[in-house]
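Inside the fold
One-letter residues, chain by chain:
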Amino acid sequence: LLDSATRRNLELTETLREKQKRGSLLWVLDKTKTAMGARCMRQYVEQPLIDKASIEKRLDTVEALSKKPMLRDEIREYLNPVYDLERLLGKVSFKTANPRDLIAFGNSLKMLPHIKTILNDFETGLLPEIGQDIDPLTDICNLIDSAIIEEPPISIREGDIIKEGFDENVDTLRHAKTEGKNWLARLEEEDRNRTGIKNLKIKYNKVFGYYLEVTNSFKDLVPDYYTRKQTLANAERYIIPELKELEDMILGAEDKLVTLEYDLFCEVRSTIAAEVVRIQRTAKAVAGLDVFVSLALVADQNNYCRPKINENGIIDIKGGRHPVVEKMINNDMFIDNDTYLDNGNHRISIITGPNMAGKSTYMLSLIHI
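Cut-offs and rules
Residues numbered from 1 in each chain as written. Predicted model: local features only at pLDDT ≥ 70, side-chain atom pairs only at ≥ 80, totals over all residues. Heavy atoms only, no water. Helix = DSSP H or I, 4+ residues; strand = E, 2+ residues; numbered from the N terminus. Rg over C-alpha atoms; globule rule 2.2 N^0.38 Å. Buried < 20%, exposed > 50% of the residue type's maximum accessible area, 1.4 Å probe, protein only. Contact = heavy atoms within 4.5 Å. Areas by Shrake-Rupley, 256 points an atom, 1.4 Å probe, with all protein chains shown as cover. Polar contact = N/O pair within 3.5 Å; in protein donor to acceptor, adjacent residues only side chain to side chain. Phe/Tyr/Trp six-rings, centres within 6.5 Å; stacked < 30°, edge-to-face > 60°. Lys NZ or Arg CZ within 6 Å of the ring centre and 35° of its normal. Axes fitted to C-alpha atoms, helices over the stretch in contact; angles between N-to-C directions. Parallel < 35°, antiparallel > 145°, perpendicular 65-115°, else oblique. Left-handed = near helix turned anticlockwise from the far one by under 90°. Nonpolar A, V, L, I, M, F, W, Y, C, P; charged D, E, K, R; others polar. Pairing = 2+ DSSP bridges.

**A few points about the overall build of the chain**
Counting its regular elements, the chain contains 15 helices and six strands. Relative to the globule expectation of 21 Å for 369 residues, the C-alpha radius of gyration of the chain, 35 Å, shows a markedly less compact shape. Buried residues in the chain amount to 41% of all 369 residues. Here the analysis covers contacts within the chain between residues at least 6 apart in sequence; of these, 63% occur between residues at least 24 apart. Per element, the accessible surface of the chain, about 21600 Å² overall, is 50% carbon and sulfur.

Here it is as structure tokens:
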């Protein structure tokens, strides 16, 4: 653990004066593609390892990715569309996720099988473990894909959320909303043919709703299952179960549809929330992978070499460079330096020179390395 004063003076995550990321060590190292990867990178920088075996395992991981740049770049391409799974999971768990959040979640999950397949080509470092920890979450992805339309509204109270074919009742209500007139015309035609009443008509008013109107000249043809609703001077009005059922669907379709879609969306969201452990493990693995891919890319771009870790109390650096200063200087003007220190006769080095000669830069580069 590094205290706040140490982190501040080393400018690990922000500069001392401007408080900006640019000019810090994190600025050089962070080429992550995801928000959760960026958070993980920051954690690694602020809390460096001190166990040799753990350090070597991370270095093995970076080296493995450096040796296969095409696969590394392919992983980066698949990481690019991945949203912040940890934050989305938080919104799902607290029931604040909206339909677009679930679509983003589903689109992110579609990248996982491709990433997992690529990781099968790696056998060293932490990559096999990361591959095992990444759960494709196919069931959740399929649920979102089958339940939520591709471009839903933000609000869950407006309807138009559930995809056609996911729920029979939603499909029926949606058809009732759009095809109600066609259904009424079809029923009217069928009953004309069934009863022989040629001028049979289905009509509507706000008081009685939908009804079948038969003129007095055809009263004798009215079948027994017609229930009289109103008598007029020259006609009778009737209701039948089929028409009543259509009336309920058409008149209440929109309100029922919005309510039903809301309930179904909440069910889908709760189903996802129940898989919190699987999703958290996968998100953590993806974040770690993003960090190692970023470090491998930076190592290649900046021509970094793998350090040799020892527990003998010896620091022997050849051609040491300050990772930040050399990036801030144009035209590759930075001059590298050697360093040797040990617990015996070289415990202390005296660094001399005029102001602005690079003494602090030399010391900071040693600390960073």
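The structure having been displayed, the exposition proceeds.
**Points about the side chain of Asp 30**
Looking at the secondary structure, you find Asp 30 in the loop between α2 (25-29) and α3 (35-46). Judged by relative accessible area, which is 13%, Asp 30 ranks as buried. Within polar-contact distance, the side chain of Asp 30 engages the side chain of Lys 21 at 2.8 Å.

**Overview of the packing of aromatic side chains**
This model, assessed by the stated rule, comprises four aromatic pairs. An angle of 45 degrees between the planes, with centres 4.8 Å apart, marks the rings of Tyr 204 and Tyr 210 as tilted. Members of the aromatic cluster, connected to one another through ring pairs, are Tyr 225, Tyr 226 and Tyr 238. For Lys 68, the ring lying beneath its charged end belongs to Phe 122, and the centroid distance is 5.0 Å. Geometry around Tyr 262 places Arg 157 over its ring, the cationic atom sitting 3.8 Å from the centre.

**Concerning the packing of helix α5 (residues 69-79) against helix α8 (residues 112-119)**
In contact at an axis separation of 9 Å, α5 and α8 are set at 165 degrees when each is read in the N-to-C sense. In terms of their interaxial angle, α5 and α8 are classed as roughly antiparallel. In the crossing of α5 with α8, the sense of the turn from one axis to the other is left-handed. Where α5 abuts α8, its residues Leu 71, Glu 74, Ile 75, Tyr 78 and Leu 79 lie against His 114, Ile 115, Ile 118 and Leu 119. When the residues that make up the contact of α5 with α8 are grouped by side-chain class, the tally is seven nonpolar, one polar and one charged.

**Some thoughts on helix α7 (residues 99-109)**
In an α-helix, one full turn covers 3.6 residues, which means residues spaced three or four apart are oriented alike. With nine of its eleven residues buried, α7 lies for the most part within the structure. Residues of α7 that are buried: Pro 99, Asp 101, Leu 102, Ile 103, Ala 104, Phe 105, Gly 106, Ser 108 and Leu 109. Those residues of α7 hidden inside the fold are in contact with α6 (85-93), α8, α10 (138-147), α12 (241-273) and α13 (276-301). You can read the cap of α7 off the contacts: a side-chain oxygen lies 3.0 Å from the backbone nitrogen of Arg 100, and it is on Asn 98.

**Overview of unusual backbone geometry**
Positive phi, normally seen in glycine, also occurs at Leu 137, with a value near 50 degrees. Position of Leu 137 relative to the elements: it lies in the loop between α9 (127-133) and α10. The buried category is assigned to Leu 137, whose relative accessible area is 0%. For Asp 160, which is not glycine, the phi dihedral falls at a positive 55 degrees. Mapped onto the elements, Asp 160 comes out in the loop between α10 and α11 (168-195).

**Focus: the sheet that holds strand β4 (residues 235-239)**
Sheets are built from strands that pair by backbone hydrogen bonding, the pairs being arranged parallel or antiparallel. With antiparallel pairing, four strands are arranged side by side in an open sheet as β1-β2-β4-β3. In the strand order of this sheet, the two ends are held by β1 (201-205) and β3 (227-231), each with one partner. Between one strand axis and the next, the sheet turns through 40 degrees on average, direction left out of account. Of the strand pairs in this sheet, β1 and strand β2 (residues 209-215) are connected by five bridges, and their pairing is antiparallel. Bridge pairing in β2 links Tyr 204 to Tyr 210. In the packing of α11 onto the sheet, the strands contacted are β1 and β2, and the crossing angle to β1 comes to about 135 degrees. The sheet contacts of α12 involve β1, β2 and β4, and relative to β2 the element is tilted by about 145 degrees.

**Comments concerning the packing of α6 against α13**
Direction vectors running N to C along α6 and α13 enclose 165 degrees, while the axes themselves pass 9 Å from each other. In terms of their interaxial angle, α6 and α13 are classed as roughly antiparallel. In this structure, the crossing between α6 and α13 has a hand that is left-handed. Residues Leu 85, Glu 86, Leu 89 and Ser 93 of α6 pack against Val 276, Ile 279, Gln 280, Ala 283 and Lys 284 of α13. Here the residues of the contact of α6 with α13 are counted per class, giving five nonpolar, two polar and two charged.

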